[in-house]
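A structural walkthrough
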Amino acid sequence: MRSLKLAAVAALCVAVSACSKDGGSSSEAPADAPASAPTPASAPAPTDAEKAAALAALPAPYNTGDLSNGQSKFALCRSCHTIAQGGPDLTGPNLYGVFGRKAGTKAGYSYSDAVKAAGFVWDAQQLDKWLADPRGFMPGTKMTFAGIKNEKDRIDLIAYLKVETGYQPAAK
Ligand code: HEC
């Protein structure tokens, strides 16, 4: 379903040949729209070409991550987490925008004291340690997940999450 929609968007982009140059910034937005305006729910999903460009722009080793393996590893998370912008909190918080966000600060979600007190900002390094062994990394968390022991699987999943959750590399 989603891939059909992506394919349709990609086809549209090819037709107008205007979408894939800028790495996903909203060149369609009216010039007078404030930069901080909330993205409308109907904002087009990134095309596959934009996702490939976003992947290539990640720091190593994530730039060579396997997005389809990352997507299949995300199956381990999706019973508890959504990743789409504006998606609901489930057992765990929605993860859109998690990179660069201070741990335990997604508005409207009730975290454990352990995560609230963590005091760091999520980046790939912290997420790698968290995903390897959540309760070893942060005793007291209520995320009951055994962890992903395979390092390559974590790299692929983190690359996938960066591409899917609106991560923006530091300004060029
Ligand atoms: C059984 C449910 C469950 C599963 C499966 C799960 N999580 Fe979680 N996750 C949670 C809960 C609950 C929290 C909140 C933890 C707390 O407050 O202690 C959380 C928190 C997080 C956070 C911190 C978010 C923040 O805003 O600070 C991240 C990142 C995260 N999970 C990623 C993942 C990823 C990636 C996976 C899959 C590999 C995953 N989780 C699998 C339940 C789950």
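An account of the accompanying structure is given in this report. Since this is a predicted model, take the numbers as computed values, not measurements. Along each chain, residue indices are assigned from 1 in the same order as the chain's sequence is written. Where local features are concerned, this predicted model is filtered to residues with pLDDT of at least 70; where side-chain atom pairs are given and counted, the filter is 80 or more; whole-chain, interface and lining totals use all residues. Hydrogens and water are ignored here; the side-chain numbers use all heavy atoms of the structure.

With the exception of glycine, most residues fall at negative phi, and the peptide bonds are largely trans. Here the residue pair Ala60 and Pro61 is connected by a cis peptide bond, since its omega of 5 degrees sits within 30 degrees of zero. When you line up the elements, Pro61 lands in the loop between α2 (48-56) and α3 (67-74). What counts as a helix is a DSSP run of H or I of at least four residues, what counts as a strand is a run of E of at least two, and both are numbered from the N terminus.

On the protein side, the iron atom of the ligand has His81 (NE2) and Met143 (SD) as donor atoms, found 1.9 to 2.1 Å from it. Metal-coordinating donors are taken as N, O and S atoms lying within 2.8 Å of the metal, or within 3.2 Å when the metal is Na, K or Ca; because water is left out, some sites can appear incomplete. Every geometry call rests on angle ranges, with four donors termed tetrahedral when all angles are between 85 and 135 degrees, four termed square planar and six termed octahedral when opposite donors are over 155 degrees apart and all others are between 65 and 115, and everything else termed irregular. For the iron atom of the ligand, the 6 donor atoms are set out with angles of 85 to 179 degrees between them, so the coordination reads as octahedral. Within this pair, whereas His81 is found in the loop between α3 and α4 (113-116), its partner Met143 is found in the loop between α6 (134-137) and α7 (151-164), the two being separated by 62 residues in sequence. A relative accessible area of 11% places His81 in the buried class. For every residue, the accessible area obtained with a 1.4 Å probe (protein chains only) is divided by the maximum for its type, and the residue is called buried under 20%, exposed over 50%, and partly exposed between those limits.

If even one non-hydrogen atom of a residue comes within 4 Å of a molecule or strand, that residue is called near it. Taken together, 27 residues lie near the ligand, and Cys77, Cys80, His81, Ser112 and Met143 sit nearest. Residues adjacent in sequence count toward polar contacts only when both atoms are side-chain atoms; beyond that, a polar contact is any pair of N or O atoms within 3.5 Å, and within protein one must be able to donate a hydrogen and the other to accept it. A distance of 2.5 Å separates an oxygen atom of the ligand from a polar atom in the side chain of Ser112. One of the side-chain N or O atoms of Trp122 is found 2.8 Å from an oxygen atom in the ligand. Detection works on a 1 Å grid of protein atoms alone, calling trapped sets that fit a 1.4 Å probe cavities and calling open sets with protein on both sides within 12 Å along at least five of seven lines pockets, with lining residues defined by an atom within 4 Å of a point. A pocket or cavity is taken to hold a molecule when more than half of that molecule's atoms are within 2 Å of the pocket's grid points. Judged by the proximity of its atoms to the pocket grid, the ligand belongs to the second largest pocket. At the level of elements, α5 (124-132) and α7 are the ones that each hand at least two residues to the shell around the ligand. By residue number, the principal contributor to the shell around the ligand is α5, which donates 3 residues. Grouping the amino acids of the shell around the ligand by side-chain chemistry returns 18 nonpolar, 7 polar and 2 charged. Residue classes follow a fixed rule: Ala, Val, Leu, Ile, Met, Phe, Trp, Tyr, Cys and Pro count as nonpolar, while Asp, Glu, Lys and Arg count as charged, and any other residue, Gly among them, counts as polar.

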